[in-house]
Amino acid sequence: MRKNRLKTLWREGRPALSGWLSIPAPFSAEIMAHQGWDALTVDLQHGLIDYQTAVGMMTAISTTETVPLVRIPWLEFGLIMKLLDAGAYGIICPMVNTREDAENLVHAGRYPPAGTRSFGPVRAAIYGGPDYVENANDEIVLMAMIETEEALDNVKEIAAVPGLDGLFIGPNDLAKSLGRAPRLDTDDPVVAPAIAHIIETARAADIACGIFTGAPDYAAQIVRQGARFVAISSDARFLAASAADTVARFREASDA
Ligand code: 3PY
Ligand code: MG
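Right, let's walk through the structure included here. The shown structure was predicted, so the numbers you read here are calculated from the model rather than taken from an experiment. (Residues numbered from 1 in each chain as written. Chains lettered and ligands numbered in written order. Predicted model: local features only at pLDDT ≥ 70, side-chain atom pairs only at ≥ 80, totals over all residues. Heavy atoms only, no water.)

**Considerations on the pairing of strand β5 (residues 141–146)**
Here comes step 1: Burial analysis of β5 places six of its six residues in the buried class, which makes it a mostly covered element.
Here comes step 2: Side chains Val141, Met143 and Met145 of β5 all project onto a buried face; the interleaved residues Leu142, Ala144 and Ile146 project onto the opposite face, where all are buried too.
Here comes step 3: As defined by bridge partners, strand β4 (residues 90–93) adjoins β5 across four bridges and the pair is classed as parallel. Each residue of the ladder has a partner; that of glycine 90, found in β5, is valine 141.
Here comes step 4: Pairing geometry for β5 and strand β6 (residues 166–169), over four bridges, is parallel. (Buried < 20%, exposed > 50% of the residue type's maximum accessible area, 1.4 Å probe, protein only. Helix = DSSP H or I, 4+ residues; strand = E, 2+ residues; numbered from the N terminus. Pairing = 2+ DSSP bridges.)

**A word on the coordination of the magnesium ion (ligand 2)**
Here comes step 1: Around the magnesium ion (ligand 2), the protein supplies Glu147 (OE) and Asp173 (OD) as donor atoms, at distances of 2.1 Å. Here the residue glutamate 147 occupies a position in the loop between β5 and α8 (149–153), and aspartate 173 occupies one in helix α10 (residues 171–177), the gap between them amounting to 26 residues. (Donors = N, O, S within 2.8 Å, 3.2 Å for Na, K, Ca; no water.)

**Some remarks on the sheet that holds strand β7 (residues 208–213)**
Sheet strands pair by backbone hydrogen bonding; their relative direction is either parallel or antiparallel.
Here comes step 1: On the basis of which strands lie adjacent, the closed barrel formed by eight strands has the order β1-β2-β3-β4-β5-β6-β7-β8 and parallel pairing. On average, each strand axis in the sheet is tilted by 25° relative to the strand beside it, whichever way the strands run.
Here comes step 2: Lying on the sheet, helix α12 (residues 216–224) is in contact with β7 and β8 (229–232); it crosses β8 at an angle near 170°. (Axes fitted to C-alpha atoms, helices over the stretch in contact; angles between N-to-C directions. Contact = heavy atoms within 4.5 Å.)

In C-alpha coordinates form, the structure reads like this:
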(Lines give C-alpha, C1' and ligand atoms only; values in the text may rest on other atoms or scores of the structure.)
(Ligands and ions follow the chains in the order given, each with its own letter.)
Protein backbone atom coordinates (compact mmCIF):
# COMPACT_ATOMS: atom_id res chain seq x y z
CA MET A 1 0.00 0.00 0.00
CA ARG A 2 1.16 3.54 -0.74
CA LYS A 3 2.63 4.92 2.51
CA ASN A 4 0.97 7.79 4.33
CA ARG A 5 3.58 10.56 4.38
CA LEU A 6 2.02 12.08 7.51
CA LYS A 7 2.84 8.95 9.49
CA THR A 8 6.41 8.94 8.16
CA LEU A 9 6.90 12.60 9.13
CA TRP A 10 5.44 12.03 12.61
CA ARG A 11 7.62 8.97 13.21
CA GLU A 12 10.61 11.18 12.40
CA GLY A 13 9.32 13.85 14.82
CA ARG A 14 8.70 16.30 11.96
CA PRO A 15 5.62 18.46 11.38
CA ALA A 16 3.26 18.05 8.42
CA LEU A 17 1.95 21.09 6.56
CA SER A 18 -1.54 20.98 5.09
CA GLY A 19 -3.29 23.29 2.68
CA TRP A 20 -7.04 23.72 3.05
CA LEU A 21 -9.56 23.40 0.21
CA SER A 22 -12.91 25.19 0.33
CA ILE A 23 -13.47 25.80 -3.38
CA PRO A 24 -15.49 22.98 -4.97
CA ALA A 25 -13.30 22.26 -7.99
CA PRO A 26 -10.81 19.56 -9.02
CA PHE A 27 -8.73 22.09 -10.97
CA SER A 28 -8.14 24.41 -8.01
CA ALA A 29 -7.30 21.30 -5.94
CA GLU A 30 -4.76 20.30 -8.62
CA ILE A 31 -3.18 23.78 -8.60
CA MET A 32 -2.86 23.63 -4.80
CA ALA A 33 -1.49 20.06 -4.95
CA HIS A 34 1.41 21.24 -7.11
CA GLN A 35 2.62 23.82 -4.54
CA GLY A 36 4.54 21.50 -2.22
CA TRP A 37 2.16 20.95 0.72
CA ASP A 38 2.63 17.65 2.60
CA ALA A 39 -1.16 17.23 2.65
CA LEU A 40 -4.31 18.94 1.43
CA THR A 41 -7.53 18.85 3.42
CA VAL A 42 -10.77 18.83 1.43
CA ASP A 43 -13.24 20.61 3.72
CA LEU A 44 -16.73 19.10 3.54
CA GLN A 45 -17.78 20.88 6.73
CA HIS A 46 -17.52 24.60 5.93
CA GLY A 47 -16.14 24.43 2.40
CA LEU A 48 -18.65 24.42 -0.46
CA ILE A 49 -17.81 20.84 -1.42
CA ASP A 50 -20.12 17.85 -1.83
CA TYR A 51 -19.17 14.15 -2.02
CA GLN A 52 -18.90 13.87 -5.80
CA THR A 53 -16.75 16.98 -6.09
CA ALA A 54 -14.54 15.72 -3.25
CA VAL A 55 -13.88 12.53 -5.24
CA GLY A 56 -12.76 14.60 -8.26
CA MET A 57 -10.58 16.78 -6.00
CA MET A 58 -8.85 13.75 -4.46
CA THR A 59 -8.24 12.38 -7.95
CA ALA A 60 -6.66 15.73 -8.87
CA ILE A 61 -4.51 15.71 -5.70
CA SER A 62 -3.29 12.22 -6.55
CA THR A 63 -1.42 13.63 -9.59
CA THR A 64 1.16 14.51 -6.88
CA GLU A 65 2.69 13.01 -3.70
CA THR A 66 0.51 15.32 -1.55
CA VAL A 67 -1.59 13.34 0.93
CA PRO A 68 -5.38 13.73 0.44
CA LEU A 69 -7.28 14.35 3.69
CA VAL A 70 -10.91 15.28 4.28
CA ARG A 71 -12.69 17.13 7.01
CA ILE A 72 -16.14 15.62 7.28
CA PRO A 73 -19.18 17.75 8.18
CA TRP A 74 -19.97 15.77 11.34
CA LEU A 75 -19.29 12.41 12.98
CA GLU A 76 -21.20 10.28 10.49
CA PHE A 77 -20.31 6.63 9.82
CA GLY A 78 -21.67 6.42 6.26
CA LEU A 79 -19.84 9.45 4.97
CA ILE A 80 -16.55 8.45 6.62
CA MET A 81 -16.80 5.06 4.89
CA LYS A 82 -17.56 6.59 1.50
CA LEU A 83 -14.73 9.14 1.69
CA LEU A 84 -12.22 6.48 2.72
CA ASP A 85 -13.47 4.27 -0.13
CA ALA A 86 -12.86 7.24 -2.45
CA GLY A 87 -9.19 7.41 -1.38
CA ALA A 88 -9.00 9.80 1.55
CA TYR A 89 -5.84 8.98 3.52
CA GLY A 90 -7.08 10.75 6.61
CA ILE A 91 -10.25 11.97 8.29
CA ILE A 92 -10.52 15.11 10.39
CA CYS A 93 -13.72 14.93 12.43
CA PRO A 94 -15.27 18.09 13.92
CA MET A 95 -16.75 18.41 17.40
CA VAL A 96 -15.36 15.30 19.06
CA ASN A 97 -16.42 16.11 22.61
CA THR A 98 -16.20 12.86 24.54
CA ARG A 99 -14.30 9.62 24.74
CA GLU A 100 -17.32 7.91 23.16
CA ASP A 101 -17.23 10.30 20.17
CA ALA A 102 -13.55 9.46 19.65
CA GLU A 103 -14.25 5.73 19.94
CA ASN A 104 -17.00 6.08 17.31
CA LEU A 105 -14.58 7.86 14.99
CA VAL A 106 -12.15 4.96 15.33
CA HIS A 107 -14.93 2.41 14.78
CA ALA A 108 -16.01 4.17 11.59
CA GLY A 109 -12.48 4.55 10.23
CA ARG A 110 -10.96 1.11 10.90
CA TYR A 111 -11.68 -2.30 9.43
CA PRO A 112 -12.48 -5.13 11.90
CA PRO A 113 -11.33 -6.11 14.42
CA ALA A 114 -10.27 -2.53 15.29
CA GLY A 115 -13.53 -1.04 13.99
CA THR A 116 -16.63 -1.57 11.93
CA ARG A 117 -15.67 -0.05 8.55
CA SER A 118 -17.45 -1.92 5.77
CA PHE A 119 -15.46 -3.51 2.92
CA GLY A 120 -15.51 -1.83 -0.52
CA PRO A 121 -12.42 0.34 -1.25
CA VAL A 122 -13.46 1.07 -4.84
CA ARG A 123 -11.04 3.93 -5.56
CA ALA A 124 -8.92 3.61 -2.40
CA ALA A 125 -7.40 0.33 -3.65
CA ILE A 126 -6.49 1.98 -6.97
CA TYR A 127 -4.86 4.96 -5.24
CA GLY A 128 -3.43 2.99 -2.31
CA GLY A 129 -2.56 -0.28 -4.05
CA PRO A 130 -3.84 -3.87 -4.19
CA ASP A 131 -2.83 -4.56 -0.56
CA TYR A 132 -4.93 -1.59 0.65
CA VAL A 133 -7.34 -3.59 2.80
CA GLU A 134 -4.59 -5.43 4.69
CA ASN A 135 -2.76 -2.18 5.55
CA ALA A 136 -5.40 0.56 5.68
CA ASN A 137 -5.79 0.41 9.46
CA ASP A 138 -2.07 1.23 9.82
CA GLU A 139 -1.87 3.97 7.18
CA ILE A 140 -5.14 5.92 7.44
CA VAL A 141 -4.92 8.87 9.82
CA LEU A 142 -7.86 9.70 12.12
CA MET A 143 -7.88 13.08 13.86
CA ALA A 144 -10.44 14.32 16.39
CA MET A 145 -11.21 18.02 16.49
CA ILE A 146 -11.02 19.59 19.93
CA GLU A 147 -13.08 22.75 19.66
CA THR A 148 -15.48 22.99 22.61
CA GLU A 149 -15.20 23.50 26.36
CA GLU A 150 -16.58 19.97 26.81
CA ALA A 151 -13.84 18.52 24.59
CA LEU A 152 -11.25 20.54 26.51
CA ASP A 153 -12.51 19.05 29.78
CA ASN A 154 -12.33 15.53 28.26
CA VAL A 155 -9.17 15.97 26.20
CA LYS A 156 -7.04 13.52 28.19
CA GLU A 157 -9.62 10.73 27.81
CA ILE A 158 -10.09 11.52 24.12
CA ALA A 159 -6.33 11.47 23.47
CA ALA A 160 -6.09 8.05 25.16
CA VAL A 161 -8.51 6.31 22.76
CA PRO A 162 -6.66 3.50 20.96
CA GLY A 163 -6.51 3.95 17.19
CA LEU A 164 -6.74 7.73 17.26
CA ASP A 165 -3.72 9.33 15.52
CA GLY A 166 -4.16 12.92 16.51
CA LEU A 167 -6.08 15.90 17.83
CA PHE A 168 -6.89 18.90 15.65
CA ILE A 169 -7.73 22.22 17.28
CA GLY A 170 -10.47 24.42 15.83
CA PRO A 171 -9.47 27.77 17.35
CA ASN A 172 -12.63 29.63 16.31
CA ASP A 173 -15.17 27.20 17.73
CA LEU A 174 -13.00 26.66 20.80
CA ALA A 175 -12.95 30.41 21.44
CA LYS A 176 -16.74 30.71 20.95
CA SER A 177 -17.34 27.83 23.33
CA LEU A 178 -15.11 29.48 25.95
CA GLY A 179 -17.03 32.75 25.60
CA ARG A 180 -14.24 34.50 23.69
CA ALA A 181 -14.08 36.11 20.24
CA PRO A 182 -13.37 33.61 17.44
CA ARG A 183 -9.92 34.39 16.00
CA LEU A 184 -7.11 32.57 14.21
CA ASP A 185 -3.51 32.78 15.50
CA THR A 186 -4.88 34.00 18.80
CA ASP A 187 -3.05 35.36 21.81
CA ASP A 188 -6.28 35.54 23.83
CA PRO A 189 -5.45 34.96 27.54
CA VAL A 190 -8.08 32.21 27.84
CA VAL A 191 -7.83 30.51 24.43
CA ALA A 192 -4.02 30.49 24.00
CA PRO A 193 -3.41 28.54 27.26
CA ALA A 194 -6.21 26.12 26.25
CA ILE A 195 -4.43 25.50 22.93
CA ALA A 196 -1.13 24.95 24.76
CA HIS A 197 -2.87 22.48 27.10
CA ILE A 198 -4.29 20.46 24.17
CA ILE A 199 -0.87 20.31 22.47
CA GLU A 200 0.75 19.16 25.72
CA THR A 201 -1.98 16.53 26.31
CA ALA A 202 -1.43 15.08 22.82
CA ARG A 203 2.33 15.02 23.37
CA ALA A 204 1.89 13.17 26.68
CA ALA A 205 -0.40 10.61 24.94
CA ASP A 206 2.18 10.23 22.14
CA ILE A 207 -0.19 11.29 19.38
CA ALA A 208 0.03 14.22 16.95
CA CYS A 209 -1.61 17.56 17.53
CA GLY A 210 -2.71 19.89 14.75
CA ILE A 211 -4.35 23.28 14.46
CA PHE A 212 -5.92 25.49 11.82
CA THR A 213 -3.90 28.70 11.41
CA GLY A 214 -4.06 31.88 9.36
CA ALA A 215 -0.40 32.59 8.62
CA PRO A 216 3.00 30.86 8.35
CA ASP A 217 4.66 32.79 11.22
CA TYR A 218 2.07 31.65 13.77
CA ALA A 219 2.10 28.12 12.28
CA ALA A 220 5.89 27.94 12.77
CA GLN A 221 5.53 29.23 16.34
CA ILE A 222 2.89 26.64 17.18
CA VAL A 223 5.11 23.90 15.71
CA ARG A 224 7.87 25.08 18.07
CA GLN A 225 5.28 24.66 20.85
CA GLY A 226 4.87 21.00 19.85
CA ALA A 227 2.16 20.85 17.14
CA ARG A 228 2.85 18.23 14.47
CA PHE A 229 0.18 19.20 11.91
CA VAL A 230 -0.60 22.72 10.80
CA ALA A 231 -3.11 23.87 8.21
CA ILE A 232 -2.50 27.39 6.94
CA SER A 233 -5.23 29.56 5.40
CA SER A 234 -7.22 28.17 2.44
CA ASP A 235 -7.54 28.23 -1.33
CA ALA A 236 -10.39 30.76 -1.11
CA ARG A 237 -8.44 33.05 1.22
CA PHE A 238 -5.32 32.89 -0.99
CA LEU A 239 -7.38 33.75 -4.07
CA ALA A 240 -9.11 36.67 -2.35
CA ALA A 241 -5.88 38.05 -0.85
CA SER A 242 -3.91 37.84 -4.08
CA ALA A 243 -6.69 39.37 -6.17
CA ALA A 244 -7.26 42.18 -3.66
CA ASP A 245 -3.53 42.93 -3.57
CA THR A 246 -3.29 43.05 -7.37
CA VAL A 247 -6.29 45.38 -7.67
CA ALA A 248 -4.94 47.65 -4.93
CA ARG A 249 -1.47 47.82 -6.48
CA PHE A 250 -2.92 48.70 -9.90
CA ARG A 251 -5.10 51.46 -8.38
CA GLU A 252 -2.10 52.86 -6.53
CA ALA A 253 0.19 52.73 -9.58
CA SER A 254 -2.38 54.22 -11.99
CA ASP A 255 -3.32 57.04 -9.57
CA ALA A 256 0.31 57.96 -9.07
C1 3PY B 1 -12.43 26.28 13.92
O2 3PY B 1 -11.63 27.19 14.06
O3 3PY B 1 -13.40 26.08 14.65
C4 3PY B 1 -12.23 25.36 12.83
O5 3PY B 1 -12.97 24.41 12.71
C6 3PY B 1 -11.08 25.65 11.89
O7 3PY B 1 -11.01 24.79 10.86
MG1 MG C 1 -14.69 24.46 13.92
